[in-house]
Every structure is written in structure tokens, then in C-alpha cells.
Amino acid sequence: MRSRYSAYVMQDIAYLKDTLWPKYQPGFDEAATARWASESRWTGLKVLQTTGGGADDRDGTVLFEARYLSCAQLHIHRELSRFRKKSGRWYYVEAMEET
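Residues numbered from 1 in each chain as written. Predicted model: local features only at pLDDT ≥ 70, side-chain atom pairs only at ≥ 80, totals over all residues. Heavy atoms only, no water.

- In the nomenclature of an unreviewed UniProt entry, the chain is known as YchJ-like middle NTF2-like domain-containing protein of Pannonibacter phragmitetus.

Structural data, given as C-alpha cells:
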């Protein structure tokens, strides 16, 4: 999760696509993602909760808040993200409903 946040900060769109679950990579909108990353001034990441995600796990979730400035306003992007491990590497799968 932290590496993906850093990729937004650094505008490393290729990394964001590469760490997306392989099934979803063909539909990844690189232009829209690059636009959001470049038009935002990322100011912080706060991980609120995690489940799974250990060395022996295949799945995990991360509840986080990412803060950013856009159009002179502070925004908070809050998301419960699902991650899955394949061949020893973690991938972002999807945003989930908060429970």
C-alpha cells in the first residue's frame, strides 16, 4: 500500500499499473491516473487497519486515508483496499465496501 501511495506522489504510473492485479491491467486508464497524480499535491498517508497480508497469507486488506491538495482544497481519499499475492508478489485488486 505504501509503495503505491509513493508511486502516486512520484507519478510513477507504470508502477501503479504493474502492481495492479494482472486481470485488470489491460483496462487500466493510464492517462486518467497520470492526470489525477499530477494535479494533486499528496500530503500524507495514514494506514488505519490491516487484515491478513502476512508472509503466509494470500489475501489482505488495508483501510487507509490518503490526503491531497487539489484546486486549493484539502481532500481525503478513504478506501478499504483488497490485495492478493501471486508468485510471492502483492497486487492491488480492488476497492471494497467498508464494514
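From this point, things continue past the structure.
1. As for the UniProt feature "domain: YchJ-like middle NTF2-like" (unreviewed entry) in the chain
Alright, step 1. Look at the UniProt record and you will see "domain: YchJ-like middle NTF2-like" (unreviewed entry) annotated at residues 1-94.
Alright, step 2. Span residues 1-94 is 27% helix and 47% strand, its end C-alpha atoms 12 Å apart. (UniProt positions renumbered as here; feature names shortened; annotations may be inferred. Helix = DSSP H or I, 4+ residues; strand = E, 2+ residues; numbered from the N terminus.)

2. Description of the pattern of salt bridges
Alright, step 1. The tally for this structure, following the rule as stated, stands at six salt bridges.
Alright, step 2. Its salt-bridge partner being Arg 78, residue Glu 65 comes within 2.8 Å of it at the nearest N-O pair. Here Glu 65 is found in strand 2 (residues 59-70), whereas its partner Arg 78 is found in strand 3 (residues 73-86), with 13 residues between them in sequence.
Alright, step 3. Assessed through its relative accessible area of 14%, Glu 65 is described here as buried.
Alright, step 4. Here Arg 78 falls in the partly exposed class, since its relative accessible area comes to 40%.
Alright, step 5. Bridged by salt links that share partners, the residues Glu 65, Arg 67 and Arg 78 form one connected network. (Salt bridge = Lys/Arg side-chain N within 4 Å of Asp/Glu carboxyl O. Buried < 20%, exposed > 50% of the residue type's maximum accessible area, 1.4 Å probe, protein only.)

3. So, the environment of Met 1
Alright, step 1. Structurally, Met 1 can be placed in the segment before helix 1 (2-10).
Alright, step 2. What makes Met 1 partly exposed here is its relative accessible area of 23%.
Alright, step 3. In this view, Met 1 contacts Leu 45, Val 62, Phe 64 and Phe 83; residues no more than four positions away in its chain are not counted. (Contact = heavy atoms within 4.5 Å.)

4. Remarks on unusual backbone geometry
Alright, step 1. The phi dihedral of Gln 11 is positive, around 55°, even though this residue is not glycine.
Alright, step 2. For Gln 11, a relative accessible area of 43% puts it in the partly exposed group.
Alright, step 3. The residue Cys 71 is not glycine, and still its phi comes out positive at about 55°.
Alright, step 4. Along the chain, the position of Cys 71 falls in the loop between strand 2 and strand 3.
Alright, step 5. A residue is classified by how much of its surface remains accessible, and Cys 71, at 73% relative accessible area, is exposed.

5. Examining the packing of aromatic side chains
Alright, step 1. Summed over the entire model, instances satisfying the criterion amount to eight aromatic pairs.
Alright, step 2. Taking the centre distance of 6.1 Å and the plane angle of 90° together, the rings of Tyr 5 and Trp 42 count as edge-to-face. With Tyr 5 in helix 1 and Trp 42 in strand 1 (residues 41-52), the pair connects residues that are 37 residues apart, well separated along the chain.
Alright, step 3. Accessibility expressed as a relative area gives 12% for Tyr 5, which makes it buried.
Alright, step 4. Residue Trp 42 is classed as buried on the basis of its relative accessible area of 13%.
Alright, step 5. Taken together, a centroid distance of 5.1 Å and an interplanar angle of 80° make the contact between Trp 36 and Trp 42 edge-to-face.
Alright, step 6. Taking the relative accessible area as the measure of exposure, Trp 36 reaches 30% and is therefore partly exposed.
Alright, step 7. Here a set of aromatic residues connected by ring pairs shows up, and it is made of Tyr 5, Tyr 8, Trp 36, Trp 42 and Tyr 68.
Alright, step 8. One residue, Arg 84, lies across the ring of Trp 21, its end atom 5.3 Å from the ring centre.
Alright, step 9. Looking at Lys 86, its charged tip hangs above the ring of Trp 21, at a distance of 5.9 Å from the centre. (Phe/Tyr/Trp six-rings, centres within 6.5 Å; stacked < 30°, edge-to-face > 60°. Lys NZ or Arg CZ within 6 Å of the ring centre and 35° of its normal.)

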